[in-house]
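Residues per chain are reported as follows:
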Amino acid sequence: MTTATTVQPTFNAIRPGTTAYRRISLALFLTGFATFSMLYCVQPLLPIFTEEFGIKAAASSLALSLTTICLAIAIFCAGALSEGRDLRRLMFTSMLLASLCNLFVAVTPNWHTLLTVRAIEGLLLGGVPAVAMAYLAEEIHPDGLGLSMGLYVGGSAFGGMAGRILTSILTDHFSWRVALATISILDLLAAIGFLLLLPISTRPLKKAYFNLSHHAAIWRSHLSNSALPLLFMTGFIVMGVFITLYNYIGFRLIAAPFFLSQTHIGMIFFAYLFGIVASPLAGRLSDKLGRPPVLITGISLMIIGMLLTLPDNLFAIITGIVLTTLGFFISHAIASTWVGKLAKQSKGHASSLYLLSYYAGSSILGAVGGWFWQHDSWFAVTLFTLFLLAAVLYSALRLRQQSISANTTMILSSPAERIQ
């Protein structure tokens, strides 16, 4: 009995309403802000990179695509590799080093150096999202986990939006180098604030353990599920279309017949506000209507939105961007939560596969979209995204059919049905 007490010391999870809970929530908000402001601050700069470094549109997108694919790889491994380590120190170190990398990007002398540093930055940032979720799940009492996780996601969305908008405004008034340096300093301050706010964990560290064959077997079991790969493909495509839209719409709006300034193009990213509101709304609707119809609605909104970006009409284009953004956030919210629902065990491994697909879509499809832009401008980009959305809509209809079949099987196997 004495031994058992020694091995398993009492640990009190942090409850909502306490000072520690508020500090953790604010610290994780800063984490989300820093991570995604660094990640996406280069997106509005892609047209400027083509002029500054003498490269094509598809090549300029590598400043974002390389970072996101490295982030995806790092997130995929981080969950397993971080087991048994001090998560607070790991997150702070990742934020600190990534901020310094971003600061170096602001003074980098050539394109290839910029890409190399951005790739390293992606690998470093991967130590944050997966670990942040694990930290909250370990430290926070279930009664307050939803709110604290929501604040982290809110910080991520706000950081992604603020990084893009602030970069655009500062670039217009100063230069892109000043803009990136400013974002980097803000993120360094966020990292320091995170370290000062986040309490030192009193939970005993588990013994570090990593077995590759064990993890591989779990990943294979998830891929053999009939529905999960369709959801992984959903994340891959909707994120790829979303990033393609924002990667290349600036090239269109900065040229004839619009000639928008960098600041005006940056204002378009306020469309994120609609998406931030849409995510929790999609969750509530899925509770009432079921996930399939809400997912189909989200994808349909993206299709309508991309079609509206075709005319040379600024109001139609902005409306199309807003609808595509709404549809993306709805689709992503439903697909990511559905993955957790369908994965009966080892949900973290299923989530890591979804995140890998999600960020791979951003990197691969975001870069391929540049090839279409170079060959037939915005019309080709739109056709490319519509083809992808048609494929993911078909996937959503298959998921709907599988859901109906599963529900029918459940009803028929009930005792009442067997008696009849």
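Just so we're clear, the structure is a prediction, and the values are computed from it rather than from any experiment. (Residues numbered from 1 in each chain as written. Predicted model: local features only at pLDDT ≥ 70, side-chain atom pairs only at ≥ 80, totals over all residues. Heavy atoms only, no water.)

**A closer look at the overall build of the protein**
Scanning the protein from N- to C-terminus turns up 18 helices and zero strands. The burial tally for the protein puts 52% of its 420 residues in the buried class. Taking as baseline every contact in the protein between residues at least 6 positions apart, the subset at least 24 positions apart corresponds to 82%. In the structure as shown, the protein presents an accessible area of about 18,800 Å², 69% of it carried by carbon and sulfur atoms. (Helix = DSSP H or I, 4+ residues; strand = E, 2+ residues; numbered from the N terminus. Buried < 20%, exposed > 50% of the residue type's maximum accessible area, 1.4 Å probe, protein only. Contact = heavy atoms within 4.5 Å. Areas by Shrake-Rupley, 256 points an atom, 1.4 Å probe, with all protein chains shown as cover.)

**A closer look at the environment of Ser331**
As for its placement among the helices and strands, Ser331 is situated in helix 16 (residues 314–342). Measuring from C-alpha to C-alpha, the distance between Ser331 and Gly298 comes to 5.0 Å, with 33 residues separating the pair along the chain. Aside from chain neighbours lying at most four places away, what touches Ser331 is Val238, Leu295, Gly298, Ile299 and Met302.

**Digging into the pattern of salt bridges**
Two side chains bearing opposite charge may form a pair once their charged atoms approach each other closely. Following the criterion strictly, the structure yields three salt bridges and no others. Linking Glu121 and Arg118 is a salt bridge whose minimum nitrogen-to-oxygen distance equals 3.2 Å. With Glu121 and Arg118 both in helix 7 (residues 111–125) and three residues apart, this pair spans about one turn of that helix. Grouping residues by exposure puts Glu121 and Arg118 together as buried. A salt bridge links Asp312 to Arg252; the shortest N-O distance between them is 2.7 Å. Placement of the pair is Asp312 in the loop between helix 15 (291–308) and helix 16 and Arg252 in helix 12 (residues 228–253), with a sequence separation of 60 residues. Residue classification places Arg252 among the buried positions, given a relative accessible area of 8%. (Salt bridge = Lys/Arg side-chain N within 4 Å of Asp/Glu carboxyl O.)

**Notes on unusual backbone geometry**
Omega for the peptide link from Ala256 to Pro257 comes to 0°, which places this bond in the cis form. For Phe259, which is not glycine, the phi torsion reads 55° and is therefore positive. One can find Phe259 in the loop between helix 12 and helix 13 (262–267). For Ser377, which is not a glycine, the phi torsion comes out positive at approximately 55°. Checked against the element boundaries, Ser377 lands in helix 17 (residues 347–412). According to the relative accessible area criterion, Ser377 is partly exposed, its value standing at 36%.

**Examining the nonpolar core**
In terms of nonpolar packing, the biggest core is built from 119 residues, with Leu28, Phe49, Leu114, Tyr246 and Tyr359 touching the most fellow members. For this core, the leading source of residues is helix 17, giving 17 residues. Not counting residues within four places of it along the chain, the set of residues in contact with Tyr246 comprises Gln43, Ile268, Phe269, Ala271, Tyr272, Ile321 and Thr325. (Core = buried A, V, L, I, M, F, W, Y, C linked by side-chain atoms within 4.5 Å.)

**What to know about the confidence of the model for the protein**
Across the protein, the average pLDDT comes to 85, with 85% of residues at 70 or higher. Of the regions scoring below 50 in pLDDT, residues 1–10 engages in one contact with residues more than four places distant in sequence or in other chains. Ignoring residues within four places in sequence, the model shows residues 414–420, a span with pLDDT below 50, making four contacts including any to other chains. (pLDDT = per-residue confidence, 0-100.)

**A look at the packing of helix 15 against helix 16**
The axes of two packed helices give the description: the angle between them and the distance between them. In contact at an axis separation of 7 Å, helix 15 and helix 16 are set at 155° when each is read in the N-to-C sense. Relative to helix 16, helix 15 is oriented roughly antiparallel. Taken as a pair, helix 15 and helix 16 cross one another with a handedness that is left-handed. Broken down by class, the residue content of the contact of helix 15 with helix 16 amounts to 16 nonpolar, eight polar and two charged. (Axes fitted to C-alpha atoms, helices over the stretch in contact; angles between N-to-C directions. Parallel < 35°, antiparallel > 145°, perpendicular 65-115°, else oblique. Left-handed = near helix turned anticlockwise from the far one by under 90°. Nonpolar A, V, L, I, M, F, W, Y, C, P; charged D, E, K, R; others polar.)

**What to know about empty space enclosed by the protein**
One simple way to see leftover space: roll a probe sized like a water molecule over the atoms. If you walk through the whole model with that rule in mind, you get one cavity of 30 Å³ or more. What the largest cavity holds in volume is close to 60 Å³. The wall of the largest cavity is formed by Gln43, Pro44, Pro47, Tyr246, Asn247, Ile249, Gly250, Gln262, Ile265 and Phe269. Elements with a contribution of two residues or more to the lining of the largest cavity: helix 12 and helix 13. (1 Å grid on protein atoms, 1.4 Å probe; cavity = no way out; pocket = protein on both sides within 12 Å on 5 of 7 lines; lining within 4 Å. Points joined across faces, edges and corners; volume = space filled by probe spheres on them.)

**Some details on the side chain of Thr324**
Mapped onto the fold, Thr324 is located in helix 16. Within the structure, Thr324 has its side chain in polar contact with the backbone nitrogen of Met306 (distance 3.4 Å). (Polar contact = N/O pair within 3.5 Å; in protein donor to acceptor, adjacent residues only side chain to side chain.)

**Quick word on the packing of aromatic side chains**
For the structure shown, the criterion picks out 23 aromatic pairs. An aromatic cluster is defined as three or more aromatic residues linked by ring pairs; in this entry it consists of Phe242, Tyr246, Phe269, Tyr272, Phe328, Phe329, Tyr354, Tyr358 and Tyr359. Just above the ring of Tyr40 sits the side chain of Arg164; from NZ or CZ to the centre is 4.1 Å. The ring centre of Tyr246 lies 6.0 Å from the NZ or CZ of Arg164, which sits over that ring. (Phe/Tyr/Trp six-rings, centres within 6.5 Å; stacked < 30°, edge-to-face > 60°. Lys NZ or Arg CZ within 6 Å of the ring centre and 35° of its normal.)

**Notes on the packing of helix 2 (residues 19–40) against helix 6 (residues 87–105)**
Where helix 2 contacts helix 6, the two axes come as close as 11 Å, and the packing angle between them is 30°. By the angle between their axes, helix 2 is roughly parallel relative to helix 6. Read as a crossing pair, helix 2 and helix 6 show a hand that is left-handed. Across the interface between the two elements, Leu30, Thr31, Ala34 and Met38 of helix 2 pack against Met95, Ala98, Ser99 and Asn102 of helix 6. Taken together, the residues of the contact of helix 2 with helix 6 sort by class into five nonpolar, three polar and no charged.

**Considering the environment of Leu253**
Locating Leu253 in the fold gives a position in helix 12. Residues Leu253 and Ile317 lie 64 residues apart in sequence; the distance between their C-alpha atoms is 9.5 Å. Not counting the four nearest positions on each side in its chain, Leu253 is found in contact with Phe258, Phe259, Leu260, Ile265, Ile268, Leu314 and Ile317.

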